[in-house]
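# Structure at a glance
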Amino acid sequence: MPSLIGRREILDHARTQLSAGPGVLFHGSAGIGKSALLTALSAPTGQAGQAAADGFVLRCAPVEEDAKLPFVALMDLFARVPDSYVDGLAEGPRAALRAALLRGREPVSPQSRLAVRDAAVDLLRALSAAGPVLVVVDDLQWVDMPSAEVLSVALRRLYDNAPVRFLAAERVMDGEEPLGLRCCPPGTATVPVPPLADGEVADLLRERTGRQLPEHALRAIQETAAGNPLYAIELGVAALRDGMPAEAGDTLSVPPRLRDLLLDRVRLLPASARQTLLVASAAARPTLPLLTAAGIPDPAADLATAEALGVAVADAEETIRFHHPLIRAAVYADAPEHGRRAVHKLLARAVPEPVEHARHLALAHPHADETTAATLTSAAGSARRRGAPATAAELAALAARRTPADRPAERAERLLAAAEYASDAGLRADADRFAETVLAEAASAPQRVRARLIMLGNAGQALGGTGRLITDGLVEAEGHPELEARLHHWAAVRHLIGGRPAQAAAHARRAAHPAPGTGPSAGADAVTADTRVAALALLARLHALHGEADAAESALDEATALLGPADEPGARELVRTRALLAADADRIDEAEAAMAGLLGRTGEYASVEETAATLVALVRIQVRSGRCREAMDNVARCGVLPVRAGSDSPPVLYAATLAETAGGRLERALELADRTVRACTTDGDQLFLLRALGVRGRAQLLAGGRENTAAAVDTLRQVRRLGETMGLGDPVLLRWYGDLAEASAILGDTDAAAEVLRAARRRAGPRPPVSVAAALERAEGLRETALGHHKRGIARIQSAVTRLRGRSLPLDLARSLIVLGAADRRPRRAAAARAALTEALEISTAVGAAPMAARARAELARTGEGRQAATRASDYA
């Protein structure tokens, strides 16, 4: 069975259409997966031409040559129909049909062709009397005209009075509409088959090859195949067979079969046009002026010829665009090596832009040369400054490969640059490979330490197995305070993620406050402000996690005094940290002001990882402030970043879970929470495991019902155990304590609720944030009502509501109002309950908090005023 990766939704839609209507016509480009969909839809109904319990399947799949021969498609469709059905036709139609099927003289007169149509109608009607009939035509565009006419008439005449369905696929050029509807019965649904997404291409290649391709090879295949499954599979198999690109930017091997398929029209072009296409295929941004500068006499005329054959086109802005990226790759791959070099020499002379000039220069001279290597190194730095880290990595890797063998130190520096640029672009496999080469080859201890630092940065949250990188690095970094401080910073991050905050704090202090020494390269003066600021920001987070707000502020103030330019990574990390701690402490306006414009300041110069960190911070703050729609949008922006290619990033998944719980669907939120838990478990990430469990427990509690509430208790007990093991007492954890106490009280376990509340208050101290005090008070109120102390319980919940009014915490307020309305159901208090629930619904609807709104609506329905309140709330949407 062909793969259906990325096609389940289309398949379900087509199945529905086929059940409800006369037929379905898939359309799309060659290799896009139309045949796989036909097979999947027709397979369950029996084998072709054989009567099964559910009827007949009649198939044909004509090829281009068949279009010139009469009745070929009809022959294939009826080839396996038992003779008894044909023999049962009236004599005239039977004879005409036998002639059309080459069982008699070919029907050429209008009368005989009309008889063939009648015969086809009668035959299909007879078959449908025995069971449903499915007519399946692949490559509808090659159906010969006589067969098309017969099918058109037969299917139209049988449309209303026989169980005959039509299923077809037609190849069309991108952006064009199918022409084969003339064969289809009225009302046939047309279903376009789009390209696969990059992630689906990766899954397809993994399924077909049984291998995980290197990241740079996978990326090249994704870009070249452009979502076409056939092209992707062919390129993947060829890469495994012939060897994959050695580095980022290397060309793919395009197998001869694909070249023949794609270049049959190109090879019909004159030599001048083929040369024009080759030059265009080698240029990063081919234009008519560039080709003229490269010595092409009349590129416009050559492109006009190519356009007529559907190969490439020059648009109104004189930019040359190939019909498909694979045609471009095939044109380049089909040229001999000396021809490609010659083209790059032409382009190196014609391209004024330094980065492209350096790239063409390197490809024109594929041998070691220091001048070429130095030019590439300079161009790589220029590309990175312009915000193109992937291009910078490609150029730096080329520079390393062009470095003469007698310059090992320069080669190591260029590999380190390539690794840093690749890491910034999210190309972790490339970055690790470059860094590992330096670690294995470099004679310089500082260069080897820098390689280890890059590998630590590439590990994401999976730092559990990186202990040797740090300990060995500290040995080799002795006497280099900056490198030692950066290693201590990574040691602190590793311990924090591993759930050891005390050890993390010790390393963060060593990074922020290097030991004093003598000489110009000792002590704090030898450590960059950027490194110290990052360490102090981490130390502030650690203090906050322990509930030490004053110590956290002190660390932030010390970091602020060291600040350099606002666009430095350390400064941006400090902004994120300050904003998140402010949001956790309910200083929402301060948090939003701190984050305002940070993403713009981060901009194109930031690494992919830093951009993701900024987006995750924004999501967390937006959820706290009730900006649910903005949070969902920023999660979507995270989704297109190449973070942790091929795996799940716990911070991004956590942000997605948080946003979905606030503004999406609880079912989806729980799925994401489970994915986050799995990712954290895989990475050994205790910090985000704690957060993932906390938001899962909150989603379960919000879902309502005894079963969900019991599940919330189990989940939140895990949160409490994990938090206590780590010695944490931050506001986020304390709000989850409130959730646990609330869930326990709802289940009637008032003793457990009381114990949780006592523990939470011990950790909260005398001045907890408003949201923490409100959460604990709300849970205490529910506990009182569960004990039968309704008046006292309602008063406590009302007090929680009062605390939250006027604060920028709409979700906390709406939730407290829901609890108030649901708890206060005494007859004489019904109006007050409805008022609280109505207000909760209005707040939730206004901020896009769909799950909260659904909960308020459900509680209102129990009061008998759900419909009227929902109508009023819609005014706030």
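### Notes on the environment of Gly465
Looking at the secondary structure, you find Gly465 in the loop between helix H22 (445-458) and helix H23 (467-476). On a C-alpha basis, the gap between Gly465 and Val608 in space is 23 Å, while along the polypeptide they are 143 residues apart.

### As for the packing of aromatic side chains
Summed over all chains, the structure comprises two aromatic pairs. For the pair Tyr654 and Phe688, a centre-to-centre distance of 5.7 Å together with 65° between the ring planes defines the contact as edge-to-face. With Tyr654 in helix H33 (residues 650-663) and Phe688 in helix H35 (residues 686-703), this pair connects stretches of sequence that are 34 residues apart. Its relative accessible area of 8% is what places Phe688 among the buried residues. Above the ring of Phe434, the side-chain terminus of Arg433 is found at 5.4 Å from the ring centroid. Across the ring face of Phe688, the terminal group of Arg691 is positioned such that the distance to the ring centre comes to 4.7 Å.

### Some remarks on the nonpolar core
Grouped together as the largest cluster of nonpolar side chains are 154 residues, with contacts concentrated most on Trp736 and Leu811. At 10 residues, H35 tops the list of elements feeding residues into this core. The next biggest cluster of nonpolar side chains, apart from the first, holds 50 residues, and it includes Leu263, Leu278, Ala280 and Val331.

### Looking at helix H19 (residues 389-402)
The end-to-end C-alpha distance of H19, which contains 14 residues, comes to 20 Å, matching closely the 20 Å that a straight helix rising 1.5 Å per residue would cover. With 11 of its 14 residues buried, H19 lies for the most part within the structure. Among all positions of H19, only Pro389, Ala392, Ala393, Glu394, Leu395, Ala396, Ala397, Leu398, Ala399, Ala400 and Arg402 are buried. Its buried side turned inward, H19 meets helix H17 (354-364), helix H18 (370-385), helix H20 (408-424) and helix H21 (428-441).

### Digging into the side chain of Glu780
Within the fold, Glu780 resides in helix H39 (residues 770-786). Residues contacting Glu780, with those up to four places away along its chain left out, are Leu757, Arg761 and Arg796.

### Looking at the packing of helix H11 (residues 256-263) against helix H15 (residues 325-334)
Relative orientation of the contacting elements H11 and H15 amounts to 115°, with a least axis distance of 10 Å. Accordingly, the angle class assigned to the pair H11 and H15 is roughly perpendicular. In this structure, H11 meets H15 at a crossing whose hand is left-handed. Between H11 and H15, the contacting residues are Leu258, Arg259, Leu262 and Leu263 on the first element and Leu326, Ile327, Ala330, Val331, Ala333 and Asp334 on the second. A class-by-class count of the residues in the contact of H11 with H15 yields eight nonpolar, no polar and two charged.

### Here we look at the sheet that holds strand S4 (residues 164-171)
Read across the open sheet, the five strands follow the order S2-S3-S4-S1-S5; overall the sheet is parallel. The open sheet has two edge strands, strand S2 (56-60) and strand S5 (189-192), and neither has a second partner. The average undirected angle you get between the axes of adjacent strands in this sheet is 15°. The pairing of strand S1 (residues 23-28) with S4 spans six bridges and is parallel. Bridge pairing in S4 places Leu25 opposite Ala168. The strands that helix H1 (residues 8-20) touches are S1, strand S3 (133-137), S4 and S5; relative to S1, the one it contacts most, it runs at about 145°.

Each value, and the rule that gives it
Within every chain, residues take consecutive numbers counted from 1 along the sequence as written. This being a predicted model, a pLDDT of at least 70 is required before a residue's local features are given, and a value of 80 or more before pairs of side-chain atoms are given or counted; all residues contribute to the totals for chains, interfaces and linings. Calculated side-chain values reflect all of the structure's heavy atoms, with hydrogen atoms and water omitted. Every helix listed is a DSSP run of H or I at least four residues long, and every strand listed is a run of E at least two residues long, numbered separately from the N terminus. Note on ring pairs: Phe, Tyr and Trp rings are taken, using the six-membered ring of Trp, and paired if centres are within 6.5 Å. Classes follow the plane angle, with under 30 degrees stacked, over 60 edge-to-face and the rest tilted. Using a 1.4 Å probe on the protein chains alone, a residue whose accessible area is under 20% of its type maximum counts as buried, one over 50% counts as exposed, and one in between counts as partly exposed. Consider the ring centre and the ring normal. A charge sits over the ring if Lys NZ or Arg CZ is within 6 Å of that centre and within 35 degrees of that normal. In this text, buried Ala, Val, Leu, Ile, Met, Phe, Trp, Tyr and Cys residues form a nonpolar core when linked through side-chain atoms within 4.5 Å. Expected helix span is computed as 1.5 Å times (number of residues minus one). In this description, contact between two residues means that some pair of their heavy atoms is separated by no more than 4.5 Å. Axes, fitted as lines to C-alpha atoms, cover a helix only where it is in contact. Angles between the N-to-C directions of the axes lie from 0 to 180 degrees. Reported orientations rely on four angle classes, namely roughly parallel under 35 degrees, roughly antiparallel over 145, roughly perpendicular from 65 to 115, and oblique for the rest. By the definition used in this description, the sense in which the near helix is turned from the far one sets the handedness, with an anticlockwise turn below a right angle giving left-handed and a clockwise turn giving right-handed. Three classes are used: nonpolar for Ala, Val, Leu, Ile, Met, Phe, Trp, Tyr, Cys and Pro, charged for Asp, Glu, Lys and Arg, and polar for all others, with Gly counted as polar. At least two DSSP bridges between two strands are needed for those strands to be called paired.

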